[in-house]
Amino acid sequence: MERLPWLRRGFAPVLCVLLVLLAQVADSYTQYIVNLALIYVVIGVGLNFLLGYAGQFAFAHAALMGIGAYTTALLTSRLYWSFWLCLPLSGVVAAALGALGALPAMRMKRVYLALVTLAFAQLVVWVLVNWNVVTLGTDGVDVPAPMLFGWRVKGDTSVFYVVLPCTALMYWLAKRILESRIGRAFVTIRENEIVARCNGINVARTKTVVFALSAFYAGIGGSLYALTLGFIVPDAFGLSQLVLHFSIVVLGGLLSLSGAAIGAVVLTALPELLRDLQALQEIIYGLVLMVVILVMPQGIAGLLKRWGVLPREVLARNWRALARETP
Amino acid sequence: MNAPLLDARDVTVRFGGLIAVDAVSLAIPEREIRGLIGPNGAGKTTFFNAISGLVPHGGAALRFDGRDMLHLPAHRRAAAGMRRTFQSVQLVPQFTVLENVLVGMHTGIADNPAASVLGLPGGNRGELGAQRAVIEVLEFLGIGETLLQRVNQLTFAQQRYVEIARAIVGRPKLLMLDEPAAGLSPGDVKMLDALLRRLRDEWGMTILLVEHVLSLVLEISDRVTVLDNGRMIAEGSPAEVADDPAVKTAYLGNENV
């Protein structure tokens with residue numbers, strides 16, 4: 001793809017057009033899977049900021065997704081707020097809570113940070129289950145279909161036309177952020193905080209930014225998830241959700257934006273493809289994960305880059321123009 | 001006479017009960033190459049880390065470029081124009097040379113983050129200027145062709161140059177080099193020698209140089225400071241220091257034992 005610039009530049013728009021075409025013919029179930037995959041692209045890209053680029057072992061992503069989902073579900077169903085207001089608000093609420101994760105990350109290393117964030121995640125699920133008056137507990141919450149210019153966003157195809165532009169926008173934003181000095185600062189603190197400090201990078205501030213940014217993506221993803229499912233329960237945001245998020249990032253490729261997207265698509269599609277093999281589903285799923293992690297430490301994206309199928313990712317704007325100038 | 005660029009007074013570093021750097025004072029005027037030498041364990045690197053703000057330290061004063069640095073964290077000192085390299089080269093292995101050196105321009109890119117991310121007009125002026133600066137500095141160092149290579153594909157000497165590039169790309173006033181000649185061939189050391197002189201003469205840079213290879217230090221330093229056991233035992237021109245009996249004792253042991 002590196003040698004075919006027209007293919008590289010045209011890939012994203014063409015993919016979007018193909019998805020829109022697919023939406024014309026897909027049955028409701030297929031469309032639902034496509035919507036889920038797109039939402040997990042947002043979730044995966046968000047976790048990759050934190051885990052892949054900034055190297056922070058935090059385990060609160062599923063809980064923050066839940067906070068986004070519940071912010072949207074509760075405000076739209078119980079206070080009748082507009083979904084279009086709740087969508088960005090869910091991201092902001094998750095980001096505010098996620099930024100708190102930066103506090104333990106200032107002083108603690110890997111395993112302690114993991115434990116503290118995991119405890120936070122369990123606490124969030126516990127609150128969602130037990131704070132019945134507000135969250136309706138294990139009964140779950142219905143999410144009313146939002147209105148857009150008099151058109152009711154109901155059914156998987158309608159939802160798709162909301163999810164696709166959101167995912168495209170979030171992906172584009174992620175790319176732009178990573179290609180700036182902020183993205184390079186993330187990787188530098190992952191690699192060596194001392195080097196970061198000696199180059200003028202404020203480590204505390206950078207960690208706060210990356211925790212908040214990652215959580216913002218989780219919150220937006222959660223909000224879209226609530227819209228897609230139409231009904232959410234606390235259990236959906238527990239440990240198995242978290243394992244799925246980590247699998248997406250690791251399988252797709254840490255330190256790769258397209259990797260998170262690939263991981264999201266593969267891990268949403270794979271369980272569905274294995275649906276006919278009910279008994280073997282979990283075993284095959286687990287085996288595929290193990291093999292991939294053992295054989296491709298850089299994930300699927302790393303392998304595809306080595307084969308020249310995926311383009312290189314360099315965290316500098318317009319670096320290709322630079323490459324053309326300097327022989 | 002102008003005030004010195006770096007004026008450190010009574011800098012002291014304690015690790016528990018151990019005094020690693022004991023009331024060392026150092027004043028470096030602008031455009032000077034200052035050598036900092038001493039036997040193993042003399043506290044040279046610890047002193048370096050104190051000046052960079054990496055280890056907690058005491059001191060009567062630490063002025064740099066007319067500003068008080070004593071209580072500033074490391075990243076603020078770096079932003080003020082104090083940059084350094086490390087004894088063992090510290091680069092981001094997954095990064096290309098371009099990305100690694102751009103890290104050195106972090107505080108030099110003044111773009112509004114929102115304008116930069118959203119691609120508003122002029123939002124990337126700082127970033128693009130920084131990329132120009134990277135290309136310039138790599139050509140200056142003679143490693144322009146490595147721009148888009150990953151650093152783990154480079155030779156050791158090239159990696160050392162990339163680290164120096166990252167330190168000087170933002171044109172800091174003070175460059176601190178921690179054993180830059182370690183692991184280099186004699187030919188590479190000669191090139192390093194020429195490079196440091198050009199940085200002083202053409203870029204007007206002030207350089208503080210910790211070095212084990214005495215020949216290099218005595219060759220290029222305008223003045224040399226000698227540490228032993230965390231204390232300063234001598235300071236002067238390379239010739240004076242080389243003849244100082246206290247320095248000879250520190251390096252070779254006492255002959256009269």
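Q: I'm lost on the overall build of chain A in this one. Help?
A: When you go through chain A residue by residue, the secondary structure sums to 16 helices and four strands. On C-alpha atoms alone, chain A measures out to a radius of gyration of 20 Å, which is about the 20 Å that the 2.2 N^0.38 rule sets for 327 residues. Taken over the C-alpha atoms alone, chain A extends approximately 60 × 50 × 45 Å along its principal axes. By residue count, 46% of the 327 residues in chain A fall in the buried class. Look at the contacts in chain A between residues 6 or more apart in sequence, and 78% of them connect residues 24 or more apart.

Q: Help me understand the sheet that holds strand E1 (residues 6–15) of chain B in this model?
A: Each strand in a sheet pairs with its neighbour through backbone hydrogen bonds, running either in the same direction (parallel) or in the opposite one (antiparallel). Across the sheet, which stays open at both edges, the four strands sit in the order E2-E1-E4-E5 (chain B) with antiparallel pairing between neighbours. Looking at which strands have only one partner, the edges of the open sheet turn out to be strand E2 (18–28) and strand E5 (67–68) of chain B.

Q: Explain the sheet that holds strand E3 (residues 33–37) of chain B to me, please; I cannot follow it from the model alone.
A: All names here are of chain B. Across the sheet, which stays open at both edges, the six strands sit in the order E6-E7-E8-E3-E9-E10 with mixed pairing between neighbours. The sheet is open, and its two edges are formed by strand E6 (82–84) and strand E10 (231–236), each paired on a single side. Mean inter-strand twist for the sheet, computed between neighbouring axes without regard to direction, equals 20°. One ladder, built from five bridges, connects strand E7 (residues 174–178) with strand E8 (residues 206–210); its direction is parallel. Its bridge partner lying in E8, Asp178 is registered against Val210. Contacts from helix H10 (residues 245–252) reach strand E9 (223–228) and E10 within the one sheet, and its direction differs from that of E10 by about 130°.

Q: Would you mind going over unusual backbone geometry with me for this structure?
A: In this structure, Tyr80(A) takes a positive phi of about 60° despite not being glycine. As for its position among the elements, Tyr80(A) is in the loop between helix H3 (61–78) and helix H4 (83–100). With phi around 55°, Asp10(B) is a residue other than glycine that occupies positive phi space. One can find Asp10(B) in strand E1.

Q: In this structure, what is going on with helix H11 (residues 203–229) of chain A? I would like to understand it.
A: Helix length check: H11(A), at 27 residues, gives a terminal C-alpha distance of 38 Å against a target of 39 Å (1.5 Å per residue), a fit within 8%. Gly230(A) lies just past H11(A) and shows a positive phi near 75°.

Q: Mind showing me how you'd approach the packing of H3(A) against H11(A) here?
A: Two numbers describe a pair of packed helices, the interaxial angle and the distance between the axes. Residue and element names in this part refer to chain A. It is the contact of H3 with H11, at a shortest axis distance of 7 Å, that shows an interaxial angle of 50°. Taken together, the axes of H3 and H11 are oblique relative to one another. Relative to H11, H3 is oriented so that their crossing is right-handed. Here H3 contributes His61, Leu64, Met65, Gly66, Ile67, Gly68, Ala69, Thr71, Thr72 and Ala73 to the contact with H11, which in turn contributes Ala215, Ala218, Gly219, Ile220, Gly221, Gly222, Ser223, Tyr225 and Ala226. Classifying every residue of the contact of H3 with H11 gives 10 nonpolar, nine polar and no charged.

Q: What am I meant to see in the domain arrangement of chain B here?
A: One frequent convention defines the size of an interface as the accessible area lost when the parts assemble. Residue and element names in this part refer to chain B. We note that the domain assignment places domain 1 (1–81 + 172–257) and domain 2 (93–171) within chain B. The gap between the C-alpha centroids of domain 1 and domain 2 is 27 Å. Contact residues are listed per partner, giving nine residues for domain 1 and nine residues for domain 2.

Q: Just checking my understanding: could you explain helix H7 (residues 186–201) of chain B for this structure?
A: Residues spaced three or four apart along an α-helix face the same direction, because each turn holds 3.6 residues. In this model, H7(B) (16 residues) spans 23 Å end to end at C-alpha, consistent with the 22 Å of a helix rising 1.5 Å per residue. Buried residues along H7(B) sit in contact with E3, helix H6 (156–168), E7, E8 and helix H8 (214–220) of chain B.

Q: Would you mind showing me how to read the environment of Gly68(A) here?
A: Residues and elements named next belong to chain A. The topology assignment puts Gly68 in helix H3. Among the residues examined, Gly68 registers 34 C-beta atoms within 10 Å and is labelled buried. Setting aside residues up to four positions removed in sequence, Gly68 forms contacts with Ser90, Gly91, Ala94, Ala218, Gly219, Ile220, Gly221, Gly222 and Ser223.

Q: Where do I start with the environment of Phe15(B) in this structure?
A: Residue and element names in this part refer to chain B. For Phe15, the location among the structural elements is in strand E1. According to the C-beta neighbour criterion, Phe15 is exposed, with 11 such atoms within 10 Å. Put simply, Phe15 and Gly187 are 172 residues apart on the chain and 39 Å apart in space, counted from C-alpha to C-alpha.

Q: What is the right way to read the interface of chain A and chain B from this model?
A: Residue-level contacts link 29 residues of chain A with 32 residues of chain B. Within the residue set of the side of chain A that touches chain B, elements represented by two or more residues are helix H8 (156–178), helix H9 (181–191), helix H10 (193–198) and helix H16 (319–325) of chain A. If you tally residues by element for the side of chain A that touches chain B, the top one is H9(A), at seven residues. Across the side of chain A that touches chain B, the residue classes break down as 16 nonpolar, seven polar and six charged.

Procedures and definitions
- Residues numbered from 1 in each chain as written.
- Chains lettered and ligands numbered in written order.
- Predicted model: local features only at pLDDT ≥ 70, side-chain atom pairs only at ≥ 80, totals over all residues.
- Helix = DSSP H or I, 4+ residues; strand = E, 2+ residues; numbered from the N terminus.
- Rg over C-alpha atoms; globule rule 2.2 N^0.38 Å.
- Buried ≥ 20, exposed ≤ 12 C-beta atoms within 10 Å, placed from the backbone.
- Contact = placed C-beta atoms within 7 Å.
- Pairing = 2+ DSSP bridges.
- Axes fitted to C-alpha atoms, helices over the stretch in contact; angles between N-to-C directions.
- Expected span 1.5 Å × (residues − 1).
- Parallel < 35°, antiparallel > 145°, perpendicular 65-115°, else oblique.
- Left-handed = near helix turned anticlockwise from the far one by under 90°.
- Nonpolar A, V, L, I, M, F, W, Y, C, P; charged D, E, K, R; others polar.
- Domains from an automatic or database assignment.

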